[in-house]
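Next come the chains, spelled out residue by residue.
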Amino acid sequence: MIRLTDITSNLVSYHPTADIDFIEKAYVYSAKVHKGQVRLSGEPYLSHPLEVAGILTKMKMDEVSIASGLLHDTVEDTLAELKDIEYLFGKEVTTIVDGVTKISKIRFLSKEEQQAENIRKMIIAMATDIRVLLVKLADRLHNMQTLGFQPPEKQEVIAKETLDIYAPLAGRLGIYWLKSTLEDLSLFYLEPKIYEDIRLGIAQRREGQEKFIRETKEVLSKTLSEAKIKAKIKGRNKHFFSVYQKMMEQDLNIEQVYDVLAFRIIVNSVRECYEVLGLIHSMWKPVTGRFKDYISLPKANMYQSLHTTVITPLGERMEIQTRTWDMDRIAEEGIASHWRYKEGDGSEKDIDRQYAWMRQLLEWQESVTDPKEFLETVRLDLFSGEVYIFTPKGEVKEFPKGATPVDFAYSIHSEVGHRCTGAKVNERIVPLSYQLKTGDIVQIITSKNHKPSKDWLNFAKTSAARTRIRQWIKKEERKESIDIGRNILEKQLRKVNLNLSRLINNKQILDVIHRFSLKSVDDLLASVGYGKISAKQVLNRLMPHLDIKEDKSEGLVQKIVHRIKRKREETGIKVKGMSDMLVRFGKCCQPLPGELVIGFITRGRGVTIHAKACRHIRDVDLDRLVEVEWERSEDVNYLATLKITNISKKGMLANLSAIFAQNEANIVDADVRTTVDKKGISTFTIEVSDYNQLRDIISKIKKIKEVLKVERI
């Protein structure tokens with residue numbers, strides 16, 4: 001267990017004027033309130049806040065952060081209150097402890113809506129003070145280091161959320177050692193067999209690799225010395241998770257992965273960085289497409305370095321990074337390298353650039369109300385890659401890998417995006433789905449009368465573009481729904497000699513609107529147009545206000561019902577307002593429990609149940625539609641057919657079968673074939689209990705990297 005003296009020694013080594021008494025005071029208070037508590041490992045609970053504080057010194061944080069690390073669990077796990085913390089340690093520490101406490105209460109469950117709202121809370125908390133996130137990352141690292149004491153199911157949940165959220169956040173802050181450590185620890189618990197294969201594979205080569213590293217460093221030192229360049233050279237094995245990613249991307253096993261070595265050369269100036277690069281390329285053959293200049297084009301988190309991959313005479317591939325000492329400090333410490341303990345050093349512009357992505361997340365959390373959409377936005381922003389594009393005027397813009405001209409257009413302005421009709425890349429016309437590459441010069445072609453297309457959502461990558469496109473589509477769909485709703489309601493009102501235009505400002509219709517929990521006439525018309533409220537329901541609410549008596553004569557629906565009144569089968573469907581109805585399911589859409597459904601009355605054949613999205617009921621006589629709902633039923637299974645298109649790869653069938661088995665879906669029928677262009681087409685008929693189960697299965701299949709398309713047929 002780390003000791004307080006270790007923490008204070010580390011702090012003084014990079015911050016000589018730090019208030020050590022303040023740290024000791026926080027330690028004494030934490031020890032007092034945590035007295036008697038133990039962790040699952042059996043260690044005193046105090047060991048955890050001490051380790052967190054120690055990790056914060058590795059990040060080279062200030063005494064406020066380290067005191068907060070010592071106190072971060074006091075409010076959550078002891079009788080201590082925030083007012084006590086503020087009285088003893090001040091407002092800054094209280095803000096951080098409060099922020100971390102709120103984040104600690106977050107539980108990333110499988111429900112996307114709940115996860116999205118939890119992430120939203122975390123973003124708001126860390127925006128108050130970025131040190132909230134840094135303390136939380138230190139807390140998460142120590143929890144991952146001691147995760148083995150948790151039960152297996154909890155290990156998997158915590159490791160998954162670490163890989164999905166916390167490791168990318170560490171990367172966004174530029175703290176790459178922390179990002180790599182969290183990724184490797186997550187891999188250990190999520191893919192233990194692969195982790196062990198990588199560990200053994202690297203261990204078996206260790207003796208040869210150590211010799212190779214030693215000899216390569218000697219060659220580099222001699223070459224740089226002859227060029228009169230002073231440099232420090234480091235050689236190491238790549239992190240396990242980066243090796244794992246290469247294995248997955250290229251479908252390799254550990255024996256087939258050769259470039260597991262990385263070298264770093266640290267020099268005194270930018271000019272020397274480029275000189276070293278030239279010397280390296282003169283010594284060894286560079287691998288085409290593997291050179292990246294992050295000095296001219298820094299990452300959003302201010303990371304700078306030259307990356308190149310070369311092939312040695314022995315055929316070994318190795319990555320070499322070249323950077324200055326300042327660049328190395330920023331790469332190691334990230335945003336913490338700009339933290340100057342209230343002294344200031346003129347680095348505010350750099351910090352502003354690093355905060356830009358967070359400000360964008362804050363903007364989205366305010367404007368994007370749909371939880372799933374917000375979660376997608378966060379993941380897109382956290383996992384963005386490095387593609388650097390130029391405007392015609394030479395301005396550089398950063399986009400995620402796979403970004404298109406549509407993303408570029410929306411990055412300029414929403415109206416430019418909406419009116420985008422085409423694009424020129426490097427003076428050549430390209431389709432809007434063209435994937436941009438670093439160095440591309442992009443020019444957007446617009447038309448005043450052009451409108452966005454739903455199809456753009458299939459290839460737009462940035463959260464900015466996708467959000468703006470969705471907002472426009474929703475706005476247009478609302479306009480269409482208002483027009484449709486107006487026509488439907490006018491038709492219904494004419495049956496009782498009423499005119500919608502005359503009722504618009506009538507107090508009675510306003511009362512009806514409020515009874516439906518709506519705010520305006522347009523809301524009412526849109527709801528009718530969407531099918532959320534029927535015109536008949538509106539009329540029934542209006543009739544008592546207007547002293548109109550309901551026509552009790554038997555209508556079409558009732559006449560048909562009387563003719564076909566037979567004992568219904570146990571279908572799990574209840575027809576609202578009717579009993580003993582003959583019910584069957586439409587073969588065209590095969591609806592499942594939990595899916596939104598509607599009933600269509602057919603003369604002599606009962607009620608046919610369709611999914612509300614089914615195209616076969618779009619243009620039917622509205623008078624024949626009846627509202628239906630699912631009844632609770634147990635041990636009833638339904639058939640659903642999925643067509644899956646994927647890149648042909650060994651083990652795909654096993655992966656798909658595993659997903660069906662994990663989700664307790666029995667395969668009734670399967671047809672698997674491979675096309676001439678090496679694509680796999682699989683059709684599975686499976687038994688599921690409801691729509692939610694099917695949706696979960698589809699979602700998991702879509703996460704398989706090789707899967708191109710999943711459709712229900």
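Each remark here, short or long, concerns the structure printed above.
Attention here is on the structure that accompanies the text.

### Some details on the overall build of the protein chain
Piece 1. The helix and strand inventory of the protein chain stands at 28 helices and 21 strands.
Piece 2. Residues classed as buried in the protein chain amount to 48% of the 713 residues present.
Piece 3. Split by element, the accessible area of the protein chain, about 37500 Å² in all, is 49% carbon and sulfur.

### Some details on the side chain of Thr-685
Piece 1. Take Thr-685: it is sitting in strand S20 (residues 679-688).
Piece 2. We classify Thr-685 as buried; its relative accessible area is 16%.

### Let's talk about the packing of helix H19 (residues 405-412) against helix H21 (residues 463-494)
Piece 1. Running from N to C, H19 and H21 cross one another at 80°; their axes reach a closest spacing of 8 Å. Looking at the two axes, H19 sits roughly perpendicular to H21. When H19 is examined against H21, the residues Val-406, Asp-407 and Tyr-410 are found in contact with a partner set consisting of Ala-465, Arg-468 and Ile-469.

### A short note on helix H2 (residues 20-33)
Piece 1. With 14 residues, H2 extends 20 Å from end C-alpha to end C-alpha; this agrees with the ideal 20 Å at 1.5 Å per step.
Piece 2. Listed in full, the buried residues belonging to H2 are Phe-22, Ile-23, Ala-26, Tyr-29 and Ser-30. Along the long axis of H2, the arc covered by the buried residues comes to 130°, so they all point the same way. Pointing more than 90 degrees away from the buried face of H2 are the exposed residues Asp-21, Val-28 and Lys-32.

### Here's the deal with helix H10 (residues 152-172)
Piece 1. Between its first and last C-alpha, H10 extends 29 Å over 21 residues, near the 30 Å set by a 1.5 Å rise per residue.
Piece 2. Among the 21 residues that make up H10, 15 are buried, leaving the element largely enclosed by the rest of the structure.
Piece 3. The positive-phi residue at the C-terminal boundary of H10 is Gly-174, with phi of around 80°.

### Concerning the sheet that holds strand S11 (residues 442-446)
Piece 1. The antiparallel open sheet is built from three strands, whose spatial order is S10-S9-S11. At either margin of the open sheet sits one strand with a lone partner, and together these are strand S10 (428-430) and S11. With strand direction ignored, the average angle separating the axes of adjacent strands in the sheet is 35°.
Piece 2. Across the sheet, H19 is in contact with strand S9 (420-425), S10 and S11; its angle to S11 comes to roughly 80°.

### Focus: the pattern of salt bridges
Piece 1. According to the stated counting rule, one finds 19 salt bridges in the structure shown.
Piece 2. With a closest N to O distance of 3.8 Å, Asp-326 and Arg-329 form a salt bridge. Of this pair, Asp-326 and Arg-329 both sit in helix H16 (residues 325-333), three residues apart, roughly one helical turn.
Piece 3. One network of salt bridges, in which partners are shared, links Asp-62, Glu-92 and Arg-131.

### A closer look at empty space enclosed by the protein
Piece 1. Evaluation of the coordinates by the stated rule reveals two cavities of 30 Å³ or more.
Piece 2. In this structure, the largest cavity spans a volume of roughly 40 Å³.
Piece 3. If you trace the largest cavity, you find it lined by Lys-234, Arg-236, Ala-262, Phe-263, Arg-264 and Gln-321.
Piece 4. Mapped onto the lining of the largest cavity, the elements with two or more residues apiece are strand S1 (232-237) and strand S2 (261-267).
Piece 5. Of the residues forming the lining of the largest cavity, the biggest block, three residues, is contributed by S2.
Piece 6. The residue inventory of the lining of the largest cavity, partitioned by class, reads two nonpolar, one polar and three charged.

### Overview of the pairing of strand S19 (residues 666-674)
Piece 1. Sheet topology places S19 next to S20; eight bridges connect them, and they run antiparallel. Counted as the bridge partner of Ile-667 is Ile-686 from S20.
Piece 2. Counting the residues in the hairpin turn of S19 and S20 gives four residues, including Lys-678, whose phi is positive at 65°.

### Observations concerning the sheet that holds strand S18 (residues 638-647)
Piece 1. Read across the sheet, four strands follow the order S19-S20-S18-S21 without closing on themselves; strand pairing throughout is antiparallel. Since the sheet does not close on itself, it has two edges, and those belong to S19 and strand S21 (707-712), each with one partner. Averaged over all pairs of adjacent strands, the angle between strand axes in this sheet comes to 15°, irrespective of strand direction.
Piece 2. Against the sheet, helix H27 (residues 652-662) makes contact with S18, S19, S20 and S21, and its axis sits at roughly 20° relative to S20, the strand it touches most.

### So, the pairing of S9
Piece 1. Bridging between S9 and S11 involves five bridges; their strand directions are antiparallel. Counterpart to Lys-424 in the pairing with S11 is Gln-443.
Piece 2. Bridge count for S9 against S10 is three bridges, and the pairing is antiparallel. Within S10, the residue paired with Ala-423 across the bridge is Val-430.

### Notes on the packing of aromatic side chains
Piece 1. Within this structure, the stated rule accounts for 11 aromatic pairs.
Piece 2. On the numbers, 5.8 Å between centres and 70° between planes, the contact of Tyr-29 with Phe-89 is edge-to-face. Here Phe-89 lies in helix H6 (residues 82-89) and Tyr-29 lies in helix H2, a separation of 60 residues in the sequence.
Piece 3. For Phe-89, a relative accessible area of 6% puts it in the buried group.
Piece 4. Consider the rings of Tyr-294 and Tyr-303, whose centres lie 5.9 Å apart with planes at 70°: the pair is edge-to-face.
Piece 5. Among the aromatic residues, ring-to-ring pairing joins Phe-188, Tyr-189, Tyr-195 and Phe-240 into one connected group.
Piece 6. Sitting over the ring of Phe-89, Lys-25 keeps its end group 5.4 Å from the ring centre.
Piece 7. In this structure, Lys-58 is placed above the aromatic ring of Trp-177, and the distance from its NZ or CZ to the ring centre is 4.1 Å.

Parameters and conventions
Residues numbered from 1 in each chain as written. Predicted model: local features only at pLDDT ≥ 70, side-chain atom pairs only at ≥ 80, totals over all residues. Heavy atoms only, no water. Helix = DSSP H or I, 4+ residues; strand = E, 2+ residues; numbered from the N terminus. Buried < 20%, exposed > 50% of the residue type's maximum accessible area, 1.4 Å probe, protein only. Areas by Shrake-Rupley, 256 points an atom, 1.4 Å probe, with all protein chains shown as cover. Axes fitted to C-alpha atoms, helices over the stretch in contact; angles between N-to-C directions. Parallel < 35°, antiparallel > 145°, perpendicular 65-115°, else oblique. Contact = heavy atoms within 4.5 Å. Expected span 1.5 Å × (residues − 1). Arc of directions from axis to C-beta. Pairing = 2+ DSSP bridges. Salt bridge = Lys/Arg side-chain N within 4 Å of Asp/Glu carboxyl O. 1 Å grid on protein atoms, 1.4 Å probe; cavity = no way out; pocket = protein on both sides within 12 Å on 5 of 7 lines; lining within 4 Å. Points joined across faces, edges and corners; volume = space filled by probe spheres on them. Nonpolar A, V, L, I, M, F, W, Y, C, P; charged D, E, K, R; others polar. Phe/Tyr/Trp six-rings, centres within 6.5 Å; stacked < 30°, edge-to-face > 60°. Lys NZ or Arg CZ within 6 Å of the ring centre and 35° of its normal.

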